Amino acid sequence: MVTRPLALDPIEEARRQWDQRWPGGATMAAATSIMRAQQIVQASVDDALRPFGLTFARYEALVLLAFSKRGALPMVRMGERLMIHPTSVTNIVDRLEGQGFVRRRPHERDRRTTLVEITDAGRQVMEQATGVVVACSFGLDALSEAQLEQVTALVRTVRVGTGEVPA
């Protein structure tokens, strides 16, 4: 994260330069702003999770498992809900399993399916990490509750527009 204010806003300057050359300056500035905000959020959350030996992806997987009724989900379902490639799910589960936070087990009725189950240690670290992540406001503490709702709605509009989620 930036430790000192910048002399000028690089995104505003890029927009100014862009508008002198090409159309679409507003789109470029919005996209660049979203990407920069993602970097800020990622850095804040990573800093909060580092003491727990977690990345945001691993933390998100633990939260997903904790949200499930039985504390376990098929790996395929995890990928769908986390919106990531099956290879990434495998990597995340491998690391969490190595840390003792999840375990793999066979599905009771479908031998082709592997379930990932959160362990007691996984629940404990997830609860502790959640307290720290909430305390840092995911790096979005500069926004009011109303602004947070606006950001969520605007980004959802983008997601609906791509067909990722229904309107």
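Our structure's up above, just so we're on the same page.
These remarks concern the structure in this document. (Residues numbered from 1 in each chain as written. Predicted model: local features only at pLDDT ≥ 70, side-chain atom pairs only at ≥ 80, totals over all residues. Heavy atoms only, no water.)

Right, let's talk about a nonpolar patch on the surface for a bit. A cluster of nonpolar residues, F138, L140, L143, V151 and V155, forms a patch on the protein surface that exposes about 330 Å² of accessible area. Here L143 lies in the loop between α6 (120–135) and α7 (145–161). Given a relative accessible area of 30%, L143 falls into the partly exposed group. (Patch = residues over 30% accessible without salt bridge, like charges linked within 9 Å, V, L, I, M, F, W, Y side chains within 5 Å. Areas by Shrake-Rupley, 256 points an atom, 1.4 Å probe, with all protein chains shown as cover. Salt bridge = Lys/Arg side-chain N within 4 Å of Asp/Glu carboxyl O. Helix = DSSP H or I, 4+ residues; strand = E, 2+ residues; numbered from the N terminus. Buried < 20%, exposed > 50% of the residue type's maximum accessible area, 1.4 Å probe, protein only.)

Time to look at the nonpolar core. By size, the foremost hydrophobic cluster in this structure holds 28 residues, and its most contacted members are L54, Y59, L62, M78 and L96. Of all the elements in the fold, those that place two or more residues in this core are α2 (25–49), α3 (56–67), α4 (75–82), α5 (86–98), β3 (114–118) and α6. Element by element, the count of residues in this core is highest for α3, at 6 residues. If we skip the residues at most four places from it in the chain, L62 touches L54, L96, F101, V102, I118, G122, V125 and M126. (Core = buried A, V, L, I, M, F, W, Y, C linked by side-chain atoms within 4.5 Å. Contact = heavy atoms within 4.5 Å.)

A few words on the packing of aromatic side chains. Inspection of every chain in the model, using the stated rule, returns 2 aromatic pairs. Aromatic side chains F56 and Y59 sit 6.3 Å apart centroid to centroid with 40 degrees between the ring planes, which places their arrangement in the tilted category. In this pair, F56 and Y59 are both assigned in helix α3, 3 residues apart and thus about one turn of the helix distant. (Phe/Tyr/Trp six-rings, centres within 6.5 Å; stacked < 30°, edge-to-face > 60°.)

With that settled, consider α7. With 17 residues, α7 extends 25 Å from end C-alpha to end C-alpha; this agrees with the ideal 24 Å at 1.5 Å per step. One or two steps after α7, the chain reaches G163, where phi turns positive at roughly 85 degrees. (Expected span 1.5 Å × (residues − 1).)

Note on placement: M126 falls in helix α6. In the structure, M126 is positioned 25 residues away from F101 in sequence and 8.9 Å away in space, judged by C-alpha atoms. Residue contacts for M126: discarding those within four places in its chain leaves Y59, L62, V63 and A66.

Our focus in this paragraph is the sheet that holds β3. The strands making up a sheet are joined through hydrogen bonds of the backbone, oriented either antiparallel or parallel. The antiparallel open sheet is built from 3 strands, whose spatial order is β1-β3-β2. Of all strands in the sheet, those bounded by a partner on one side alone are β1 (72–74) and β2 (102–106). In this sheet, adjacent strand axes meet at a mean angle of 30 degrees when their direction is disregarded. In this sheet, β3 lies alongside β2 in antiparallel orientation, the contact comprising 5 bridges. Across the sheet, residue R104 finds its bridge partner in β3, namely V116. (Pairing = 2+ DSSP bridges. Axes fitted to C-alpha atoms, helices over the stretch in contact; angles between N-to-C directions.)

Closest axis-to-axis distance for the helix α1 (residues 10–21)/α2 pair is 9 Å, and the angle between their directions is 155 degrees. Comparing their axes, α2 and α1 come out roughly antiparallel. The chirality of how α1 crosses α2 is right-handed. Residues I11, A14, R15, W18 and D19 of α1 lie in contact with α2, whose contacting residues are G25, A26, M28, A29, T32, S33 and R36. Across the contact of α1 with α2, the residue classes break down as 6 nonpolar, 3 polar and 3 charged. (Parallel < 35°, antiparallel > 145°, perpendicular 65-115°, else oblique. Left-handed = near helix turned anticlockwise from the far one by under 90°. Nonpolar A, V, L, I, M, F, W, Y, C, P; charged D, E, K, R; others polar.)

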